[in-house]
Every structure is written in structure tokens, then in C-alpha cells.
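# Observations on chain architecture
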Amino acid sequence: MLAVLSPGQGSQKPGFLTPWLDLTGTESRLRWWSALAGVDLVHLGAKADADEIKDTARTQPLLVAAALLAAEHLPMYDVAVTAGHSVGELGAAALAGVLPAEAAITLAGVRGREMAAACALEPTGMAAVLGGDPDEVLAAIDAHGLYPANRNGAGQVVAAGAVDGLEKLAAEPPAKARVIRLQVAGAFHTPYMAPAEAALAGVAAGITPADPARILLSNLDGSAVNHGREMVQRLVRQVTAPVRWDLCMRTLADLGVTAVIELPPAGTLAGLVKRELKGVGAPEIVTLNTPDDLPAARDLITRHSGLGGHEPVIQFRVVVSPAAGTFTPAEEFAEGADLRKGQVIGHVVTRQGPVEVTAHDSGLLTEWLAHHEDPVAPGQPLARIGGHA
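Residues numbered from 1 in each chain as written. Predicted model: local features only at pLDDT ≥ 70, side-chain atom pairs only at ≥ 80, totals over all residues. Heavy atoms only, no water.

In plain terms, the rule: UniProt positions are given in the numbering used here, feature names are shortened, and annotations may be inferred rather than shown by experiment.
The name given to the protein chain in an unreviewed UniProt entry is [acyl-carrier-protein] S-malonyltransferase, with the source organism recorded as Micromonospora rhizosphaerae. Under the UniProt heading Catalytic activity (unreviewed entry), the entry covering the protein chain gives this text: "holo-[ACP] + malonyl-CoA = malonyl-[ACP] + CoA".

### What to know about helix α13 (residues 294–304)
Stated precisely, the cut-off is as follows: With a 1.4 Å probe rolled over the protein chains alone, any residue whose accessible area is under 20% of its type maximum counts as buried; one over 50% counts as exposed, and the rest are partly exposed. Think of it this way: any DSSP run of H or I at least four residues long counts as a helix, any run of E at least two long counts as a strand, and we number them from the N terminus. Taken from the helix axis, the directions to the C-beta atoms give the arc we talk about. Should any heavy atoms of two residues lie within 4.5 Å, those residues are counted as being in contact.
Among the residues of α13, those classed as buried are Leu-294, Ala-297, Leu-300, Ile-301 and His-304. Projected down its long axis, α13 shows its buried positions confined to an angular sector of 125°, all on one face. For α13, the elements touching its buried residues are β1 (2–6), α4 (56–71), β8 (259–262) and β9 (284–287).

### Description of the sheet that holds strand β4 (residues 147–153)
This is how it is decided: When DSSP finds at least two bridges between two strands, those strands are taken to pair. To obtain each axis, a line is fitted to C-alpha atoms, and for helices this fit is confined to the stretch in contact; angles are then taken between N-to-C directions over 0 to 180 degrees.
Within the open sheet, the four strands sit side by side as β4-β5-β3-β6. Their pairing is antiparallel. Each end of this open sheet is capped by a strand with a single partner; those strands are β4 and β6 (177–181). When the angles between neighbouring strand axes are averaged without regard to direction, this sheet yields 25°. Sitting on the sheet, helix α8 (residues 163–171) touches β3 (124–131), β5 (156–162) and β6, and the angle it makes with β5 is about 135°.

### Observations regarding the pairing of β5
Within β5, five of the seven residues are buried, leaving the element largely enclosed by the surrounding structure. In terms of strand pairing, β3 meets β5 through seven bridges, oriented antiparallel. In the sheet register, Ala-127 faces β5, and the bridge partner there is Ala-159. In the sheet, β4 pairs with β5 via five bridges, with the strands oriented antiparallel. Note on β5: the bridge partner recorded for Tyr-147 is Ala-160. Joining the antiparallel neighbours β4 and β5 is a turn of two residues, in which Ala-154 adopts a positive phi near 50°.

Right under this line is the structure:
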């Protein structure tokens, strides 16, 4: 099983899109997307310096555009899982079929502008806390009136909030931890971004999303999201909610992902996955930064997709668990049954009560992948629905 990851803010580098402009149609596509985003993506990706592309209003649409451009050159129909970090979730949602590319770019433009405006309201920032006991780190962040904005796994938590709180945290770091201030405009993924969340919600309400065509993980809790409208709501909420990349990586492990491709500008998420998912069964990783990396990425997809050749195949769509708990399939559906989109095919019993599992498409129930009272994790495949392409 293969996952494609879309990186977030901070991964950009000056000129990183320059080699992609040599591919036919890339520059015209970027100019069209520039009109939607309200920024010059060709200039930002090829000619702008580091200071210009760290501007939140410019960085966010640039990163989403870069991920979508590169993915156009991959056989995405063979990819099982998509996920993104922070603004990278917009790219992942588009690659999963929830949003058209144009909607993802437009939302990234709005998100970037509004978050930049929220940053200007009062002096806030972010700092990476590396190492230390996780509970002690979180306690120290809270003690200084800060928020754990990113929990990235691999011993990395990003604190965010008022500048004076960050200064106190740096002066009194948790035991065996280092505090490194980040060069960002403000406290992303905290309540300080509430005005940006409200503005993004107003625009997102006009979008008609589709349900995911592949497993799509959410930064909110690492779970797989089955419904497009829910994913859009989560994308809006994520502006003020912490990024739980640690839980996304846990779900990648639970799903048995064997290979990972990080889209450009690649490296950050690949490094986190490499440090967190190590040892026996660690996924094979390709960082896709230039067109020269495309052959390796395509080869990885071929070897880990489970599909081969170019003949028409039966398309299978996987229904996944929306939460952790115990699965109970609906008794009336045996393998081979006809299902309608939206039909309840079982429940996951959680500590908070039962959660419905619904078919996200019509077709044949070709195989149950979990059975009565099986323990399941968020994002775990429960059933396959098949239909002829």
C-alpha cells in the first residue's frame, strides 16, 4: 500500500519550481492558478528569494500548486492513501478527489491571506521543542500560556502563542529539550487564527465537495475521512486546531503502508516518517523534488500499488473505519451484495458510542476486511466495494 504526502509551510525553498517549468503546460497552468490565488506563482516558484516566499499569503497557494503540479505526472489511480501537513491538506484533499484543483488553489489563497492578516493583529509566533519527555513538554507549553500547535512525532512539538510566552519557554526549556524559534509570522493552528477560520468558512461554504476516491487522512485526529463535506469542515477547523501529524503517521503504520512519496518541496515529511516508522516494515520512501525524480516515484507506485499492466481492471474502493473501537458489520449484507451510496453497512462501537460506517459509493460488496467484534483503528480498511471501470 502506497501513500502520497503533501508538505506544509516551511518546506519551501527559493527556485524549487524552476525545473518543473520545462514541462509542457506547466507555466500556463501556474498562470491560471495564479489568477485564482491572487499571487504570481510562476515568479514565486522560480525567481522569488527566501524572504518573499516565507510570506504566509504567498507560501500557502505556492505549496498547494507545487504538490498538484507534480502529482499530475504520477499514476495517482494506483495510490491508496493521501495526507498533507497543515496547508498540505488542501493538496491531499484535491488528490483524493474531494476538491477540484481550482478549488484547492482558491482556498489556499484565501487561507494564506487571512492567516497573514490574523498574524498582524498582535505579536505571536512559534517555536519547535525538540526532545524531552512528551508529557513534560506539553505541561511546559501549557504553563507558559502557549498551545501545542503541531505534534509532529519523532520527538518534535511546535509551541505557539504570545511572543513573551515563547521567550519564557526558551529561557526555561523542559528537561532534555531544546527550544528553537521558528521564522513564521504568527501562532498558526491556535485560537489566534479565529478571524482567518471564519473568513475561510465563508468561502468554503460555497464549494460542493465529492467523497474521497481513496483513503484521506485528517490532521485533526489522524483518522480517515469518508465524506467530502466533513473533510471541508475539518479543513476549515484546522486553521485554529493543532496539527496531529503524529496521529497521521500512526494511521499510516496501522494501514500497513509500505511506501511513501512526498511531493515537492519534499524532505520534511519524509524525514519525520523515516524517524517515526523505522525498523522492520519501515516504508520505502521517495522524495519528489524535480522531474528527474519522477521515474523513481513511478517505479515505487508500480511496485507497491498491487496493480500491474495497462489493461482495464476492476476498480475497488475501500471503506475505512472512522474511529477506533470494535467493528460490527450489518448482518443483512453478505459478500456479493449490492450496495447503494450512503447505505449503513455497519458500526464502530467507541467509548463515546456507536459510529455509523456508510458506503461512500454504489457497487458490489466484494469483500469484508474486518469482521464481527474485530478491534479497528482509525483509517483501517473495513470492506471493499467493487465496480467495473
